[in-house]
Amino acid sequence: MTVFGVASNADEVTVSSSGDTSGITSDSSKPSTSDSSSKPSTSDSSSKPSTSDSSSKPSTSDSSSKPSTSDSSSKPSTSDSSSKPSTSDSSSKPSTSDSSSKPSTSDSSSKPSTSSSPSTNSSASTPSTTTQAPSTSASAPFNYSQGTTSYNQTSTSVQIPSSSADSEKSVYTGPVLKEIDAAKPIEKIDVTSTDAFIKSIADRVRILAGKNNLYASIILAQAILESGSGQSNMSQQYFNIFNITGAYLGKSISFKTEEFSGNTPFYIEQSFRIYSNYDQALDDYINLMIKGTTWNSEIYAGAWKSHAKNYREAAEALQGIFATDPAYAQKLIELIQEYKLDAYDNVDSSTQVLGDNIPTSPVVTSRGDKSDFPVYNGEQYPGSESYAFGNCTQYVYNRIIQLGGKIGNFMGNGGEWGINAKIQGYYTTSVPTEGYAVSFPPGVAGSSIIYGHVAFVEKVYSDNSILVSEMNVKGNNIVSERHISAGVAALATYIQPK
């Protein structure tokens, strides 16, 4: 199956909000996948869609810490392969320290217990990206409902799968920067010209691509091609600049698109993801590229810098895999050459990302003259009842209050903290910073594709990787630590406590 198709028109457009409440299980046999559709395809949404929105937030019931699976095949726009997830394992990845910074265990049912072994370096879970395979999901015991006093999310273990995209050595032979200034998340795009469009997204794409073993030139060329330099309706109305199919946070829109079988065009109706902003779309796209599909986690590996020596090889590796258009690779190559996009391929895992005047977290003073923060005390502070007991959101709230900081008690699900924090007046950044809360978008860092994840940054290393403490990764109400690679860390939003 191919991933992108080239669409010449779209009609019979509908908007849906999926009821997929995929949770996360703790089967250690296989890594989980978190993309609800494998097949981004291009579309021209010139026609005005008729929209309808059903159940903006899925509600589920909680019966135990392990969710039962449920068939959601009636919602073709979403799919979750969390039925075969892996839990964290300290045998294959760098382990975190067993120092005093690790939370102590507790036998009390009201206080969280810590895991017996340190968490491991990991990346985002492998997305499920299929449009033809039957859609499945695991039900999530909790959900977040706006307007209530409780913010909930999946109450079972977040997956911690490994990815060779994080560990394989680059074969890219071009120049590499030693350091680069951090780029702000993409809030708006300039569509006055293709050059203006490139300029409005290139700095952010360069860092996220380079830190995740990808060619920025390929991503920029795809954004130009798929969105018409940001002028398509899909881009301007739904922020979907890569035309990724499926659903995001349960929301999607359906179009009829033109695909190709060989050189013969045909039309099918597909569901496309609706995002809240352009940076969200970019994060989701990169997560897809490095995590692949349910049936092949390395389906796009030929385009990684560890496999392709240059953008030409990367483009050719996507031909027939990423797109149905028989001229897809050549179109990407021509765009890269015309706009000299390979100039943005000069960041990799060794490049240090520098923050500019990032304020220190007020909780840093709690360390005194020590390098580690005090261990978590397991206390439930006033306001913590706004979050689901034993979930990541409640832990981060309590952790920050314990260390002398303040954070809102209505920040939403873990993956929503970045957006909601900014709305509520908190300082946010894309640069890893100690003492900050870190919000991972849905599907990133092994999180639920519906709820995302939030953790607390205990340490930041020289390569921009981070050590986090978190809850609900190894089970409900269990605190553990995990080393997050620089690539995955770059996809997150960091929130300064007050």
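See the structure above.
Everything quoted here is computed from the prediction, not taken from an experiment. Throughout, residues of each chain are indexed from 1 in the direction in which the sequence is written. Only residues with pLDDT of at least 70 get local features here, since the model is predicted, and only at 80 or more are side-chain atom pairs given and counted; chain-wide, interface and lining totals rely on the full set of residues. Derived side-chain values reflect all non-hydrogen atoms in the structure, with water molecules and hydrogen atoms excluded from consideration.

Structural notes on the overall build of the chain
A run of H or I in DSSP becomes a helix once it reaches four residues, and a run of E becomes a strand once it reaches two; helices and strands are each numbered from the N terminus. Helix and strand content of the chain: 10 helices and 14 strands. Working definition: with a 1.4 Å probe on protein chains only, accessible area under 20% of the residue-type maximum means buried, over 50% means exposed, and in between means partly exposed. The burial tally for the chain puts 60% of its 498 residues in the buried class. Residues count as neighbours in contact if any of their non-hydrogen atoms are within 4.5 Å of one another. In the chain, 77% of the contacts between residues at least 6 apart in sequence involve partners at least 24 apart. Per-residue and other accessible areas were derived by the Shrake-Rupley procedure at a 1.4 Å probe size, with only the shown protein chains allowed to occlude residues. Put simply, the chain shows about 18400 Å² of open surface, and 48% of that area lies on carbon and sulfur atoms.

A word on the packing of helix H3 (residues 216–227) against helix H6 (residues 311–318)
Orientation is described by axes fitted as lines to C-alpha atoms, over the contacting stretch for helices, and by angles from 0 to 180 degrees between their N-to-C directions. Taken N-terminus to C-terminus, the directions of H3 and H6 make an angle of 55°; their axes are 9 Å apart at the nearest point. Classified by the angle their axes make, H3 and H6 are oblique. Here the hand of the crossing between H3 and H6 comes out right-handed. Mapping the contact onto sequence places Ser217, Ile218 and Gln222 in H3 and Tyr311, Ala314, Ala315 and Leu318 in H6. Angle categories are assigned with fixed cut-offs, so that under 35 degrees is roughly parallel, over 145 is roughly antiparallel, 65 to 115 is roughly perpendicular, and the rest are oblique. Definitions for this section: a left-handed crossing has its near helix turned counterclockwise from the far helix by less than a right angle. A right-handed crossing has that turn clockwise.

Considering the packing of helix H2 (residues 194–211) against H3
For the pair H2 and H3, interaxial distance at closest approach is 9 Å and the crossing angle is 140°. Between H2 and H3, the angle falls in the class oblique. The two elements H2 and H3 cross, and the hand of that crossing is right-handed. On H3, the residues that touch Thr194, Phe197, Ile198, Ile201, Ala202, Val205, Arg206 and Ala209 of H2 are Ala216, Ile219, Leu220, Ala223, Ile224 and Ser227.

Quick word on the pairing of strand E6 (residues 251–261)
With eight of 11 residues buried, E6 lies mostly within the body of the structure. Remark: two residues form the turn of the hairpin made by E6 and strand E7 (residues 264–273), two consecutive strands paired antiparallel; Gly262 in that turn has positive phi of roughly 70°. The pairing criterion is simple: DSSP has to find at least two bridges between the two strands.

Thoughts on the environment of Ala492
Note on placement: Ala492 falls in the loop between helix H10 (486–489) and strand E14 (493–495). We classify Ala492 as buried; its relative accessible area is 1%. When the C-alpha atoms of Ala492 and Gly415 are compared, they prove to be 9.0 Å apart, with 77 residues separating the residues in sequence. Setting aside residues no more than four positions away along its own chain, Ala492 makes contact with Thr429, Ser430, Val438, Ser439, Phe440 and Pro441.

Re helix H5 (residues 278–291)
A helix is expected to reach a length of 1.5 Å times the quantity of its residues less one. Taking 1.5 Å of rise per residue, the 14 residues of H5 would be expected to cover 20 Å, and the 20 Å separating its terminal C-alpha atoms lies within 8% of that figure. Burial within H5 is extensive, with 14 of its 14 residues counted as buried. The definition of a polar contact used here is a pair of N or O atoms within 3.5 Å, where within protein one atom must be able to donate a hydrogen and the other to accept one, and adjacent residues in sequence count solely through side-chain atom pairs. Taking the backbone nitrogen of Asp279 as reference, a side-chain oxygen 3.2 Å away marks Asn277 as the first, capping residue of H5. Of the residues flanking the end of H5, it is Gly292, one or two places downstream, whose phi is positive at about 70°.

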